[in-house]
Amino acid sequence: MASYLNNMFLIDENDWLNDAMSAAGPEIDAYPAQDDEGASEGDLELAVPDELGILPIRNTVAYPGTVTPLTVGRERSKALLADTVPNESLIGLVTQRNPDTDKPGFGQLYTVGTAASVLKVIKMPQGSVNIFVHGIARFKITKPVATQPYLKAKIRMLPIKTRMTKQLQALMVSVRQSANRIVALSPSVSEEASVLLENIEDPSALADFLAANLNMEIAKKQELLEQLNPVKRLKEISVILAHQLEVLELSHKIQGRVRDSVDKSQREYFLQEQLKAIQSELGQQDVRTEELRELHQNIIKAKMPRKVQTEALRELDRLSKIPAASPEYSVIRTYLDWVCELPWSIQTEDRLDISQAERILNRDHYDLKKIKKRILEFLAVRKLNPKGKSPILCFVGPPGVGKTSLGKSIARSMGRKFVRISLGGIRDEADIRGHRRTYIGALPGRVVQELRKCQSRNPVFMLDELDKIGADFRGDPASALLEVLDPEQNSSFTDHYLDQPFDLSGVMFIGTANYTGPIPPALFDRMEVIELPGYTENEKLSIARRYLVPRQLKEHGLSKSQLTIKDDAIAAIIDSYTREAGVRNLERHLAAVCRAVATEIAKKTKRRATISKRNLAEILGPSRYESELALRAGIPGVATGLAYTPVGGELLFIESAVMPGKGHLQLTGQIGDVMKESAQAAFSVVKANAKRLGIEETQFAKHDYHIHVPAGAVPKDGPSAGVAMLTSLVSLLLKKPTRPDVAMTGEITLRGLVLPIGGLKEKVLAAQQAGIKTVILPERNKKDVPEIPKEAKKGLSFTFVRNTRDVLRATLDMA
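Residues numbered from 1 in each chain as written. Predicted model: local features only at pLDDT ≥ 70, side-chain atom pairs only at ≥ 80, totals over all residues. Heavy atoms only, no water.

Regarding the nonpolar core
Under the convention used in this document: In this description, a nonpolar core means a group of buried Ala, Val, Leu, Ile, Met, Phe, Trp, Tyr and Cys residues linked to one another through side-chain atoms lying within 4.5 Å. To sort residues, take the accessible area from a 1.4 Å probe on protein chains only and compare it with the maximum for the residue type: under 20% means buried, over 50% means exposed, and anything in between is partly exposed. By definition, any uninterrupted DSSP run of H or I lasting at least four residues is a helix, any uninterrupted run of E lasting at least two residues is a strand, and each is numbered from the N terminus. Note on definitions: a residue-residue contact is assigned when non-hydrogen atoms from the two residues lie within 4.5 Å.
One finds Leu466 and Leu481 to be the most contacted residues of the largest nonpolar core, which totals 52 residues. With seven residues, the top contributor of residues to this core is helix α10 (residues 327-341). Ignoring sequence-local partners within four residues, the contact set of Leu481 consists of Leu423, Ile432, Leu463, Leu466, Ile469 and Leu523. Of all hydrophobic cores here, the second largest spans 50 residues; its members include Ala357, Ile371, Leu379 and Val460.

Printed below as a string of structure tokens:
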């Protein structure tokens, strides 16, 4: 409470002097205290001379009725004390306006001060003098008399007149209550202060006593000294008391909360220490010591690299010095758990029996010769060089062709554990590299998390949906994968959470994607891409017989004797109920057939069933797909193109129309920028070669042209529709229909050249399924045709073209 009241209590003179001597500071410090009798200036009858020696004081104000200790060090002040007789002489105590002035004159002093009696003078060994003065009454300097050897001035006493009223009595009661409340909230203030407050009856004395002891600015204290009306003085003090009481109550409330918290912590600490002592007597270890010992054993057992182990032991040492209640404790403990549980030295032994691996791959997947060959090559190299680096493969193909299941088969054939994470839709770099430990709830990235779960440092690790990674303000996950998928760097992969290198060189990473376009070039360059094209009808039939039908029978609780699905039924499902590159929808329809039969068997209406083509309409409904030959009527301005999409190949019907106008070209069908540019190029080639093609050149300025690519709701892009757009425009302008059994693909240039395209197998499959007889391909794709399965080419003839003349000759029979 020293910040609000200073020594607000009664003590005898000897004790008071001893305490004041030990606390006496420079001259600017004064410690007010009420005298024993609580007298005010109105009760005193001492003779005050007209002239007084003036003692300037700093940083305090002396009030009548208070005893103040002062340290005197200035020469003029010492000279005044030399002429003063203790307990007999009076001096004038006046406060300086500026406490930094060392030799103040009358101009630097306030005009109102307090006449005081010197009670005692004590000379100190350092040369300063400590005095104790007792305030008598207020006075005002009327005229300076001398400045040497000390200040001396004529004065006029300022009498205080008080008339006791009910209002004044009520004000005194209110002030006493506030002061008593402050005393009650201040443990450092004696309860005798409250007794003293009750014994002061004079309002002026009460106001001076409180003003002397309240903590406030010197200017405010001087203002109260100069205020001769006790009522106004008490009112001002009442406001100050109310403010300080409010602050003190709030402080007391806060201290109470802190004290309760500290008491609880001290109690817990005391009980913990007692528990430790009891356990020590019983020869037992406390829980925390046992926990630290167990962590130390786990760090050693993990066989982590020396640098990582050193860091882990350093963190363990920090943990032993932190209280369990500290938030940092749980952060370090969680970190050590992660470090200890990672497979730093745990790995599975590769099964290097190439023949056995080949049997497993053939049993699990049909065809896929190129991929199986690559896996066997890897095993052969690993057998000859066990310390070689693992390849980074990327399977690219439409949905449902078996990319993910192939990864599981690879792991099984090698005897490794299989881990898969889906990267589709992730936008935060921390999903790959983890969060730094400074964040609340921080965790390692998905790579480290999955290695911890599988407890092996060399699993087959599949990164699914690489082409669907996003990016935003939180970072680019694809860029974070660059270190993971680089054999030259991933031996020291550093997760942000671990902040220590982890060797990923033993991990066999396999990425999957439907389409390579969205994959960043830097990431794409680090992977060995293996394409998985769509399946032909015969391949789907074989897959259904060998894998899909047995799996669905097992999942639906059926045996082979209870359900038989004939090949013609499977072929009908493939041709009339599904239209896909993979076999996912095929399996769904087979499941629907199994459910229908299982329902009949559960109802006991049938014991067994054989499903043929004629039963499908009853179970699956009418056919969903028909041959698209019916859609290709021989109409001028319509050409059939072939497109590649992430879900396989498909046919595009390019439609062109002409109308009166000014030669503008309009493009619709939700086509991308590249396809728009192909249309512009085709239009320019037609206009440039109009005379050779037999087209009237003047009609371009009189008509507008419109190219539309159904279906309008499906986004389309790419340059391979260039030859189809050219054919459509020429067919429209010459009013000659294209052959309905011809489909084409190829990019064109303004010189009329036809450039090669990609996705050849998927496009050929789409053409075969749609009943196309002739496929027009760029001459430079001729080398890729042998890679297309024979059954995909069955019933198709291929026409290879080098330029637009060859295209128009094959489609419109033009010379």
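Describing the sheet that holds strand β13 (residues 508-513)
What counts here: At least two DSSP bridges between two strands are needed for those strands to be called paired. Inter-axis angles, ranging from 0 to 180 degrees, are taken between N-to-C directions of lines fitted to C-alpha atoms, where helices are fitted over the stretch in contact.
Reading across the sheet, the five strands line up as β9-β10-β13-β8-β14 and stay open at both edges, with parallel pairing between neighbours. Because the sheet does not close on itself, it has two edges, and the strands there are β9 (418-422) and β14 (528-531). When the angles between neighbouring strand axes are averaged without regard to direction, this sheet yields 20°. As paired elements, β9 and strand β10 (residues 460-464) share five bridges and run parallel to each other. In the strand pairing of β10, Val419 is matched with Phe461. Against the sheet, helix α12 (residues 369-384) makes contact with β8 (392-396), β13 and β14, and its axis sits at roughly 145° relative to β14, the strand it touches most.

What to know about the pairing of strand β4 (residues 90-95)
Counting buried positions along β4 yields six of six residues, so the element is predominantly enclosed. Of the two faces of β4, the one lined by Leu90, Gly92 and Val94 and the one lined by Ile91, Leu93 and Thr95 are each fully buried. As defined by bridge partners, strand β2 (residues 51-57) adjoins β4 across four bridges and the pair is classed as parallel. Note that in β4 the partner of Pro56 across the bridge is Val94. Here four bridges tie β4 to strand β5 (residues 112-123), and the two strands are oriented antiparallel to one another. When the bridges of β5 are listed, Ile91 appears paired with Ala116.

Focus on the packing of aromatic side chains
So the rule is basically this: Whether two aromatic rings pair depends on their centres lying within 6.5 Å, for rings of Phe, Tyr and Trp, where Trp uses its six-membered ring; planes under 30 degrees apart make the pair stacked, over 60 edge-to-face, and the rest tilted. Throughout this description, the term charge over a ring refers to an Arg CZ or Lys NZ atom that lies within 6 Å of the ring centre and within 35 degrees of the ring normal.
According to the stated counting rule, one finds seven aromatic pairs in the structure shown. Their ring planes at 55° and their centres at 5.9 Å tell us that Tyr335 and Tyr497 sit as a pair that is tilted. Linking Tyr335 in helix α10 with Tyr497 in the loop between β11 (493-494) and β12 (501-502), this pair joins segments that are 162 residues apart in sequence. Ring geometry for Phe683 and Phe700: centres 6.1 Å apart, planes at 75°, overall edge-to-face. Of the two residues, Phe683 is situated in helix α22 (residues 673-688) and Phe700 in helix α24 (residues 699-702); the sequence distance between them amounts to 17 residues. Both residues of the pair, Phe683 and Phe700, count as buried. Through a chain of ring-to-ring contacts, the aromatic side chains of Phe683, Phe700 and Tyr705 assemble into a single cluster. Across the ring face of Tyr335, the terminal group of Arg437 is positioned such that the distance to the ring centre comes to 3.8 Å. We note Arg452 situated over the ring of Trp338; from NZ or CZ to the ring centre the distance is 3.9 Å.

Describing the confidence of the model for the chain
To be explicit about the condition: Every residue carries a pLDDT, the predictor's confidence in it, which falls somewhere between 0 and 100.
Overall, the prediction assigns the chain a mean pLDDT of 83, with 91% of residues at 70 or greater. Note that pLDDT drops below 50 for residues 1-40; the model gives that stretch 100 contacts with residues more than four away or on any other chain.

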